[in-house]
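# Summary of structural features
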2 protein chains.
Amino acid sequence: MNIILLSGGSGKRLWPLSNDIRSKQFIKIFKTEDGNYESMVQRVYRQIKKVDADATVTIATSKTQVSAIYNQLGESVGISVEPCRRDTFPAIALATAYLADVKGIDPEEPVIVCPVDPYVENDYFEALKALGRQAAKGEANLVLMGIEPTYPSEKYGYIIPETPDQIAAVSTFKEKPNAAAADEYIRQGALWNGGVFVYKLNYVLGKAHELIDFTDYQDLFAKYDTLAKISFDYAVAEKEDRIQVMRFAGQWKDLGTWNTLTEAMGESSVGDAIMNETCENVHIINELNVPVLAMGLRDVVISASPEGILVSDKEQSSYIKPFVDQIHQQVMFAEKSWGSFRVLDVEEESLTIKVTLNAGHSMNYHSHKNRDEVWVVISGTGRTIVDGMEQEVKAGDVITMQAGCRHTILAESELKLVEVQLGKEISVYDKQKYIR
Amino acid sequence: MNIILLSGGSGKRLWPLSNDIRSKQFIKIFKTEDGNYESMVQRVYRQIKKVDADATVTIATSKTQVSAIYNQLGESVGISVEPCRRDTFPAIALATAYLADVKGIDPEEPVIVCPVDPYVENDYFEALKALGRQAAKGEANLVLMGIEPTYPSEKYGYIIPETPDQIAAVSTFKEKPNAAAADEYIRQGALWNGGVFVYKLNYVLGKAHELIDFTDYQDLFAKYDTLAKISFDYAVAEKEDRIQVMRFAGQWKDLGTWNTLTEAMGESSVGDAIMNETCENVHIINELNVPVLAMGLRDVVISASPEGILVSDKEQSSYIKPFVDQIHQQVMFAEKSWGSFRVLDVEEESLTIKVTLNAGHSMNYHSHKNRDEVWVVISGTGRTIVDGMEQEVKAGDVITMQAGCRHTILAESELKLVEVQLGKEISVYDKQKYIR
């Protein structure tokens with residue numbers, strides 16, 4: 001099974017756990033059998049591998065997510081990096097060209113495109129396999145997944161099939177309707193559009209060449225920023241006559257808001273949390289290392305991270321976006337391919353962060369124009385390179401670096417350090433990278 | 001006016017803004033005319049000085065509060081330090097002996113004892129002055145303040161006067177009653193016991209010598225830990241026949257719970273906070289430097305500090321204590337006489353804190369047995385002394401100190417530093433002080 005997972009946006013609706021660089025699909029919120037927590041992308045990846053251990057998984061995403069993906073899934077996962085955001089048609093075209101030209105997938109093989117964040121059980125991925133087999137038959141150019149609707153939702157697009165069969169030709173598409181229209185569509189046998197597209201590789205490659213002037217993957221990648229923003233639905237699906245839909249009646253949830261996300265949580269709290277006995281339908285997700293105490297609340301979600309604290313009625317939590325848009329602060333934590341960092345203190349002319357490097361990983365070799373830095377290693381062992389000079393370091397060692405000085409650190413074991421940045425114009429953009 | 005302010009307990013009921021070393025009276029929550037925030041103790045001190053600029057103010061408290069008092073009121077305020085906690089009779093006896101022997105107050109002068117945290121207006125302190133004048137007349141040995149009750153509270157003790165006059169002899173005292181009994185007392189003309197005791201200095205000094213075997217203040221201080229715990233009400237007031245009560249009908253609030261405290265707040269939030277328009281009767285006190293966003297809440301208090309986060313229905317917030325008793329963590333921030341500190345990061349074998357030294361102040365000269373330390377100065381200028389070696393320091397300077405090494409830092413301007421502590425058994429008790 002060749003599967004492309006579309007990993008989108010920054011997800012302000014799940015602030016403060018999502019921020020400009022951590023999208024909602026990376027929040028570790030789902031308890032696994034071994035008692036740890038996994039994120040949506042980890043859950044989906046694990047489910048795919050369970051259903052098909054040999055599946056070729058490619059994540060189509062922006063470069064801001066690459067570090068988080070490698071951090072959470074390991075570095076063997078395929079990533080089709082979008083140089084900038086250009087909606088789903090260019091993203092799917094790029095990922096399909098990547099499968100053809102980089103992965104060498106046969107043009108006749110089926111490709112399954114699916115969102116990265118459906119909250120589903122394994123039967124969903126079995127259904128995706130069936131969709132792949134259906135596409136391979138060549139009865140249609142495009143096969144979609146139609147979710148059996150459970151209520152007249154206003155949040156989804158609808159697909160009206162020609163017959164109520166398990167597999168049917170698509171009669172028409174309907175945009176997100178109001179409740180009354182949704183009710184009417186459902187009476188006509190409509191299904192929710194699950195955002196899944198299955199096709200033989202050369203079908204989308206052909207469409208891409210029809211609509212975009214490019215030679216191969218590298219060329220498409222190079223001119224990606226010149227492409228128009230257009231959705232795959234609009235550019236391809238809605239114009240395709242040879243198109244089918246396959247019904248799916250299993251669990252399918254879109255966990256895009258705190259309200260829906262907390263419904264999927266196995267427990268009422270994650271992290272250090274206390275609730276008194278008068279709390280009802282309260283969920284707490286606490287990523288800070290101090291306790292949250294909740295008393296006498298009902299239908300409330302509390303979410304705390306280094307970015308901030310949300311306390312919201314669950315129903316109201318879906319209106320969060322404009323309020324989060326008002327909040328302007330630097331990113332306070334991030335997962336990177338080499339580890340993670342967290343801001344500990346912000347002053348006018350200094351910034352103190354904690355850096356955790358995974359064993360065997362290192363930062364880029366880099367320098368800053370406008371700031372000096374001090375590292376205090378607090379645990380682990382490794383090596384620093386400062387202006388070419390290599391040195392072994394361990395807990396308690398202090399490294400001072402003047403502005404302009406090139407530096408990196410390589411972790412032998414997991415290594416943690418406190419970094420104090422000092423200067424008048426401290427910015428994440430003040431960074432020059434070098435080849436070591 | 002000689003006034004003794006009784007500054008008590010650790011105030012877990014206002015967690016997370018109060019902790020083991022910051023009592024509720026030090027929380028800066030009341031907006032002043034100049035737009036800053038003051039604490040209860042600052043508010044009361046300012047009000048006393050407004051009513052009587054020459055008032056001699058002595059704060060009777062434990063040594064754990066001395067730093068916070070000097071930090072908030074300056075070092076000119078008198079403090080009678082209780083070596084350990086022994087309830088109100090020993091505390092008042094010690095403070096009275098301090099006034100006689102250290103401050104040299106005339107034994108015939110009236111002394112006013114009052115809690116440090118009533119939420120009142122200036123008329124309350126005018127009333128205290130009137131109580132002082134009444135005590136000076138010598139009609140009674142002890143004059144109390146009786147607050148005109150506004151409802152049959154179960155939280156206060158009651159004083160039943162012999163007549164409804166402004167000043168009357170006390171008929172009897174009643175312990176905190178249930179609501180029905182309180183109703184009955186009020187029908188009999190009872191007043192709330194305001195916890196104020198006014199007397200001529202030599203009266204309480206005489207009582208102290210009757211009940212405790214001591215020579216002078218120094219002697220009493222030295223044997224303080226051998227004294228029995230007993231309240232002033234029980235030891236003195238309830239046994240005194242020559243006792244009067246003066247009525248007070250002005251504003252008087254006891255802000256001991258989040259529910260009552262938020263009622264006294266001038267605004268709905270302090271600190272970085274956003275509320276949407278569907279919030280009703282919500283108060284946010286946020287001492288963190290990241291935002292709190294509240295949506296769709298009603299009758300809720302949110303309070304966030306480096307110690308933790310409370311989200312509570314206001315009514316429920318009065319039942320907080322047993323939950324806070326469950327929380328065992330180190331103190332995450334504190335105000336000291338020389339400045340303040342805040343814990344930034346806790347690891348198994350390291351602790352990172354931020355220290356702010358006020359201009360002209362310094363730490364004690366000290367060493368640690370089990371930990372090394374690193375200082376990174378992030379702003380300001382000053383001087384360090386490390387094993388006797390003095391050195392000027394400024395932002396960007398790094399000082400490393402091995403376990404056993406004696407060290408201090410003196411701030412010329414306000415000076416901030418990041419301190420990384422490194423070792424296997426990091427504890428606040430691992431500290432040896434030296435005379436410089």
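Keep in mind that what you see is a predicted model, and the values were worked out from it rather than measured.

### Description of the overall build of chain A
- When its secondary structure is counted, chain A shows ten helices and 30 strands.
- The C-alpha radius of gyration computed for chain A amounts to 24 Å, which stays within 12% of the reference 22 Å derived for 436 residues, consistent with globular compactness.
- Referenced to the eigenvectors of the C-alpha coordinate spread, the extents of chain A come out at roughly 70 × 60 × 40 Å.
- A buried classification covers 55% of the 436 residues belonging to chain A.
- By sequence separation, contacts in chain A at least 24 residues apart represent 66% of the contacts at least 6 residues apart.
- Between the mean site of the 45 positive side-chain charges and the mean site of the 62 negative ones, chain A shows a separation of 1 Å.

### Some details on the interface of chain A and chain B
- Between chain A and chain B, the contact holds 52 residues from the first and 52 residues from the second.
- Buried area between chain A and chain B, both sides added, is near 4100 Å², and the carbon and sulfur share of it is 70%.
- For chain A, the biggest contributors to the area lost against chain B are L293, M295 and I309 of chain A; these three give 17% of the whole.
- Applying the counting criterion to the chain A and chain B interface returns six salt bridges.

### Things to note about the packing of aromatic side chains
- If you walk through the whole model with that rule in mind, you get 28 aromatic pairs over all chains.
- Ring geometry for Y124 of chain B and F248 of chain B: centres 5.6 Å apart, planes at 80°, overall edge-to-face. With Y124 of chain B in helix 4 (residues 122–137) and F248 of chain B in strand 12 (residues 243–248), the pair connects residues that are 124 residues apart, well separated along the chain.
- Its relative accessible area of 6% is what places F248 of chain B among the buried residues.
- The structure contains a cluster of three or more aromatic residues connected by ring pairs, namely F89, F197, Y199 and F232 of chain A.
- The lysine or arginine in question, K239 of chain B, covers the ring of Y234 of chain B, its NZ or CZ lying 4.8 Å from the ring centre.
- Looking at R406 of chain B, its charged tip hangs above the ring of Y434 of chain B, at a distance of 3.7 Å from the centre.

### A closer look at the environment of D52 of chain A
All names here are of chain A.
- Summarising the element assignment, D52 is placed in the loop between helix 1 (40–51) and strand 4 (56–62).
- D52 gets classed as buried once you look at its relative accessible area, which sits at 13%.
- In this structure, the C-alpha to C-alpha distance between D52 and N122, residues 70 residues apart in sequence, is 10 Å.
- A polar side-chain atom of D52 sits 3.0 Å from the main-chain amide nitrogen of D54.

### Here we look at unusual backbone geometry
- Here the residue pair W15 of chain A and P16 of chain A is connected by a cis peptide bond, since its omega of 5° sits within 30 degrees of zero.
- If you trace the backbone, P16 of chain A turns up in the loop between strand 1 (2–6) and strand 2 (30–31).
- Phi is positive for D387 of chain A, close to 50°, though the residue is something other than glycine.
- Here D87 of chain B, not a glycine, exhibits a phi torsion of approximately 65°, which is positive.
- Positionally, D87 of chain B belongs in the loop between strand 5 (78–82) and helix 3 (88–101).

### Let's talk about the side chain of N286 of chain B
All names here are of chain B.
- Among the structural elements, N286 can be located in strand 16 (residues 283–286).
- Separated by 2.8 Å, the side chain of N286 and the backbone oxygen of D272 make a polar contact.
- Among the polar contacts made by the side chain of N286, one reaches the main-chain amide nitrogen of L288 at a distance of 2.9 Å.

### Re helix 5 (residues 179–187) of chain A
- Where helix 5 of chain A begins, the capping side chain belongs to N178 of chain A, and its oxygen is found 3.3 Å from the backbone nitrogen of A180 of chain A.
- Looking at the residues trailing helix 5 of chain A, positive phi occurs at G189 of chain A, about 90°.

### Observations concerning the pattern of salt bridges
Residue and element names in this part refer to chain A.
- Summed over the entire model, instances satisfying the criterion amount to 42 salt bridges over all chains.
- With a closest N to O distance of 3.8 Å, E210 and K207 form a salt bridge. A residue pair is termed a helical-turn pair when its members lie 3 or 4 positions apart in one helix, as E210 and K207 do in helix 6 (residues 201–211) at three residues.
- We classify E210 as exposed; its relative accessible area is 60%.

### Quick look at the relation of the copies chain A and chain B
- Mapping chain A onto chain B is achieved by rotating through 180° and translating by 0.0 Å along the same axis, at an RMSD of 0.1 Å. When the rotation and shift are considered jointly, the pair of chain copies conforms to a two-fold rotation axis. Minimal C-alpha distance to the rotation axis in chain A is attained by L344 of chain A, lying at 2.9 Å.
- Of the residues that chain A buries at the interface, 100% are likewise interface residues in chain B, meaning the two copies contact each other through the same surface.

### With respect to the environment of H209 of chain B
All names here are of chain B.
- Within the secondary structure, H209 is located in helix 6 (residues 201–211).
- Overall, H209 belongs to the partly exposed group, its relative accessible area being 37%.
- Setting aside chain neighbours within four positions, we find H209 in contact with F214 and T215.

### Concerning the confidence of the model for chain A
- Per-residue confidence for chain A gives a mean pLDDT of 93, with 100% of residues at or over 70.
- Per the prediction output, this complex has pTM 0.85; the corresponding ipTM is 0.84.

### Points about the sheet that holds strand 14 (residues 269–270) of chain B
- The sheet built from six strands is open, its strands ordered 15(A)-17(A)-19(B)-18(B)-16(B)-14(B) with mixed pairing. Each edge of the open sheet is held by one strand with a lone partner, namely strand 15 (273–275) of chain A together with strand 14 of chain B.
- Inspection of the sheet shows strand 14 of chain B paired to strand 16 of chain B by two bridges, in the parallel sense. Considered in strand 16 of chain B, the bridge of V270 of chain B is made with I285 of chain B.

Procedures and definitions
Residues numbered from 1 in each chain as written. Chains lettered and ligands numbered in written order. Predicted model: local features only at pLDDT ≥ 70, side-chain atom pairs only at ≥ 80, totals over all residues. Heavy atoms only, no water. Helix = DSSP H or I, 4+ residues; strand = E, 2+ residues; numbered from the N terminus. Rg over C-alpha atoms; globule rule 2.2 N^0.38 Å. Buried < 20%, exposed > 50% of the residue type's maximum accessible area, 1.4 Å probe, protein only. Contact = heavy atoms within 4.5 Å. Lys, Arg positive; Asp, Glu negative; His and termini not counted. Charge placed at Lys NZ, Arg CZ, Asp CG, Glu CD. Buried area = accessible area lost by both parts, 1.4 Å probe. Salt bridge = Lys/Arg side-chain N within 4 Å of Asp/Glu carboxyl O. Phe/Tyr/Trp six-rings, centres within 6.5 Å; stacked < 30°, edge-to-face > 60°. Lys NZ or Arg CZ within 6 Å of the ring centre and 35° of its normal. Polar contact = N/O pair within 3.5 Å; in protein donor to acceptor, adjacent residues only side chain to side chain. Least-squares fit on C-alpha atoms with pLDDT ≥ 70 in both. pLDDT = per-residue confidence, 0-100. Pairing = 2+ DSSP bridges.

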